[in-house]
Amino acid sequence: QEEKIFAGKVLRLHVCTMEGAEWLEEVPEDTTVEKLKERCLKHCLPGSLEDPKTVTHHKLIHATSEKVLTDTKTVLEENIQDRDVLLLVKKRAPTLLPKMSDVVAEEKRKQEQKAPDKDAILKATANLPARSADRSVTHHNMRDFQTELRKILVSLIEVAQKLLALNPDAVELFKKANAMLDEDEEDRVDEIALRQLTEMGFPESRAVKALRLNHMSVTQAMEWLIEHADDPSVDAPLPGSAPAEAPAEGAASSAEATAGPSSEEGGEEAKDELTEIFKKIRRKREFRPDPRAVIALMEMGFDEKEVVDALRVNNNQQNAACEWLLGDRKPSPEDLDKGIDTNSPLFQAILENPVVQLGLTNPKTLLAFEDMLENPLNSTQWMNDPETGPVMLQISRIFQTLNRT
């Protein structure tokens, strides 16, 4: 009777295992954690207590506080409340220390695979003739490669135009290509961004200039407009840009001039029309200097024309253009428009390649050549194209093969 009156409070605890088993344990609050652990192991692992190490290899964790319960403390001392959740977990086995023989073997293996040091390299190469690579020559060879590749493209464009002129459907094909270029015009301004700036009160022409200078970013364009609000040259056209109407009128007049005398014969008419389409495509693929680079180089004191030439020669790379302006200025802009010698072994090998021959009859190949000629950074796009990629790969292989011999 007295034991019942003075006995401790009985707690109902939810016990879970990592395997998903769950049950209810009713224990007095003066029960030790070790005794509680034994009861749990009897419930979930019958017969496991025959091994005395089983209890020490397990631990109880309080789910809410994530605390590991101490075996020698009671449930009350661990501040466990009624209906608390406990987790029975098996302790991880301690990692065994490696044997000394294994450590020695591993170190020996690492030493065998270790790269030779400077002294070992010098000793092994002592009998080889000394050579010093001139970095300026390497850079010059790389520049020569780019120049030669441009010459190849210039000459291949001429060949492709002659071949495509023989195709009766060439005019229609290039009209479609011309329309595709119209849809992809780089000078197009983001109308939504332009409307946002004009609604803020900025003039449309000034907003267009700000967007082009800041790659169509409304935030950066707005900052530029505020910063240059009092600048007297804020409404001046971007360096290197020309009015859109001028080339269009020139194209129309040249088209009329060529179409007039050739209207007598249908073949000549189609040929002239194809020539005009080639001119339009070439105009749309004309080099567009980076406005920011133009402004930065002009602020150094260079003339606008020579800055545009420098950026064209160096693919719109400002630092390289600056070095070109301060150096010997080679290659010159005129060198970029020269083709390769048509009687050279390199050009003959390229024309004799079947893949190149087939590719030159495809209008898309001509568009790719035009684009890479004026925008060399787009070459990766055409190399990955299923139609133009094989042609470019063959040209590259032939060039590298003949360049080694």
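In this text, all values refer to a predicted model and were calculated from it rather than measured experimentally.

**A short note on helix H2 (residues 33-44)**
Then comes step 1: With 12 residues, H2 extends 16 Å between its outermost C-alpha atoms, agreeing within 8% with the 16 Å of an ideal straight helix rising 1.5 Å per residue.
Then comes step 2: Those residues of H2 that are buried lie in contact with strand S1 (10-17), strand S2 (22-28), helix H3 (53-56), strand S3 (58-62) and strand S5 (85-90).

**Brief notes about the sheet that holds S2**
Strand pairing within a sheet occurs via backbone hydrogen bonds; the two strands may be parallel or antiparallel.
Then comes step 1: Ordered by their spatial adjacency, five strands build an open sheet running S2-S1-S5-S3-S4, and the pairing between neighbours is mixed. The open sheet has two free edges, formed respectively by S2 and strand S4 (67-68), since each of these has just one partner strand.
Then comes step 2: Pairing of S1 with S5, which is carried by four bridges, proceeds in the parallel orientation. Residue pairing across strands places Val15 opposite Leu86, the latter belonging to S5.

**So, the pattern of salt bridges**
Then comes step 1: Tallying each qualifying case throughout the model produces 10 salt bridges.
Then comes step 2: Among the ionic pairs, Asp235 bridges to Arg206, the shortest N-O distance being 2.9 Å. Here Arg206 lies in helix H9 (residues 204-213) and Asp235 lies in the loop between helix H10 (218-227) and helix H11 (245-259), a separation of 29 residues in the sequence.
Then comes step 3: You can call Asp235 partly exposed: its relative accessible area is 48%.
Then comes step 4: We classify Arg206 as buried; its relative accessible area is 18%.
Then comes step 5: For Asp309, the salt bridge identified is with Lys305, shortest N-O distance 3.1 Å. Taken together, the residues span about one helical turn, with Asp309 and Lys305 both in helix H14 (residues 304-313) at a distance of four residues.
Then comes step 6: For Lys305, a relative accessible area of 56% gives the class exposed.
Then comes step 7: Among the charged side chains, a network of salt bridges with common partners joins Lys364, Asp385 and Glu387.

**Points about the environment of Thr72**
Then comes step 1: Among the secondary structure elements, Thr72 is positioned in the loop between S4 and S5.
Then comes step 2: Sequence separation between Thr72 and Thr32 is 40 residues; the distance between their C-alpha atoms is 6.2 Å.

**Overview of a nonpolar patch on the surface**
Then comes step 1: Where nonpolar side chains cluster on the molecular surface, the patch consists of Met100, Val103 and Val104 and spans about 280 Å² of accessible area.
Then comes step 2: Along the chain, the position of Val104 falls in helix H4 (residues 100-113).

**Regarding unusual backbone geometry**
Then comes step 1: Positive phi is not limited to glycine here, since Glu66 has a value of about 60°.
Then comes step 2: Mapped onto the elements of the fold, Glu66 is located in the loop between S3 and S4.
Then comes step 3: Since its relative accessible area comes to 67%, Glu66 is described here as exposed.

**Comments concerning the pairing of S2**
Then comes step 1: Of the two faces of S2, the one holding Trp23, Glu25 and Val27 is buried and the one holding Glu22, Leu24, Glu26 and Pro28 is not buried anywhere.
Then comes step 2: Direction of pairing for S1 relative to S2: antiparallel, over a ladder of seven bridges. Residue pairing across strands places Arg12 opposite Glu26, the latter belonging to S2.
Then comes step 3: The turn linking S1 back onto S2 is made up of four residues, and Gly20 within it adopts a positive phi angle of 105°.

**Topic: the pairing of S3**
Within a regular beta strand, the side chains point alternately toward one face of the sheet and then the other, so they alternate between its two faces.
Then comes step 1: With four of its five residues buried, S3 lies for the most part within the structure.
Then comes step 2: Bridge count between S3 and S5: five bridges; the pairing is antiparallel. Bridge pairing links His62 to Leu86 in S5.

**Notes on the packing of H9 against H10**
Then comes step 1: It is the contact of H9 with H10, at a shortest axis distance of 8 Å, that shows an interaxial angle of 120°. By the angle class used here, H9 and H10 are oblique. The way H9 lies across H10 gives a crossing that is right-handed. Taken together, the residues of H10 that come into contact with H9 (itself represented by Arg206, Ala207, Lys209, Ala210, Leu211 and Leu213) are Val218, Ala221, Trp224 and Leu225.
Then comes step 2: A class-by-class count of the residues in the contact of H9 with H10 yields eight nonpolar, no polar and two charged.

**Quick word on H9**
Then comes step 1: Counting buried positions along H9 gives seven out of 10 residues, so the element sits mostly inside the fold.
Then comes step 2: Those residues of H9 that sit buried are Arg206, Ala207, Val208, Lys209, Ala210, Leu211 and Leu213.

**Things to note about the confidence of the model for the protein**
Then comes step 1: Across the protein, the average pLDDT comes to 75, with 74% of residues at 70 or higher.
Then comes step 2: In this model residues 135-143 is a low-confidence stretch, pLDDT under 50, and it forms four contacts with partners more than four residues away in sequence or in other chains.
Then comes step 3: Segment residues 242-265: pLDDT under 50, and 11 contacts once partners within four positions in sequence are set aside and those in other chains are kept.

**As for the nonpolar core**
Then comes step 1: By size, the foremost hydrophobic cluster in this structure holds 24 residues, and its most contacted members are Ile152, Leu156, Leu346, Ile350, Phe369, Met372 and Ile395.
Then comes step 2: Within the residue set of this core, elements represented by two or more residues are helix H6 (135-165), helix H16 (345-352), helix H18 (363-374) and helix H20 (389-404).
Then comes step 3: It is H6 that provides the largest number of residues to this core, a total of seven residues.
Then comes step 4: Among all residues touching Phe369, those that are not within four sequence positions of it are Leu153, Leu156, Ile157, Leu360, Val391, Met392 and Ile395.
Then comes step 5: Formed by 16 residues, the second largest nonpolar core is a distinct cluster that contains Leu11, Val27, Leu36 and Ile80.

What counts and what doesn't
Residues numbered from 1 in each chain as written. Predicted model: local features only at pLDDT ≥ 70, side-chain atom pairs only at ≥ 80, totals over all residues. Heavy atoms only, no water. Helix = DSSP H or I, 4+ residues; strand = E, 2+ residues; numbered from the N terminus. Expected span 1.5 Å × (residues − 1). Contact = heavy atoms within 4.5 Å. Pairing = 2+ DSSP bridges. Salt bridge = Lys/Arg side-chain N within 4 Å of Asp/Glu carboxyl O. Buried < 20%, exposed > 50% of the residue type's maximum accessible area, 1.4 Å probe, protein only. Patch = residues over 30% accessible without salt bridge, like charges linked within 9 Å, V, L, I, M, F, W, Y side chains within 5 Å. Areas by Shrake-Rupley, 256 points an atom, 1.4 Å probe, with all protein chains shown as cover. Axes fitted to C-alpha atoms, helices over the stretch in contact; angles between N-to-C directions. Parallel < 35°, antiparallel > 145°, perpendicular 65-115°, else oblique. Left-handed = near helix turned anticlockwise from the far one by under 90°. Nonpolar A, V, L, I, M, F, W, Y, C, P; charged D, E, K, R; others polar. pLDDT = per-residue confidence, 0-100. Core = buried A, V, L, I, M, F, W, Y, C linked by side-chain atoms within 4.5 Å.

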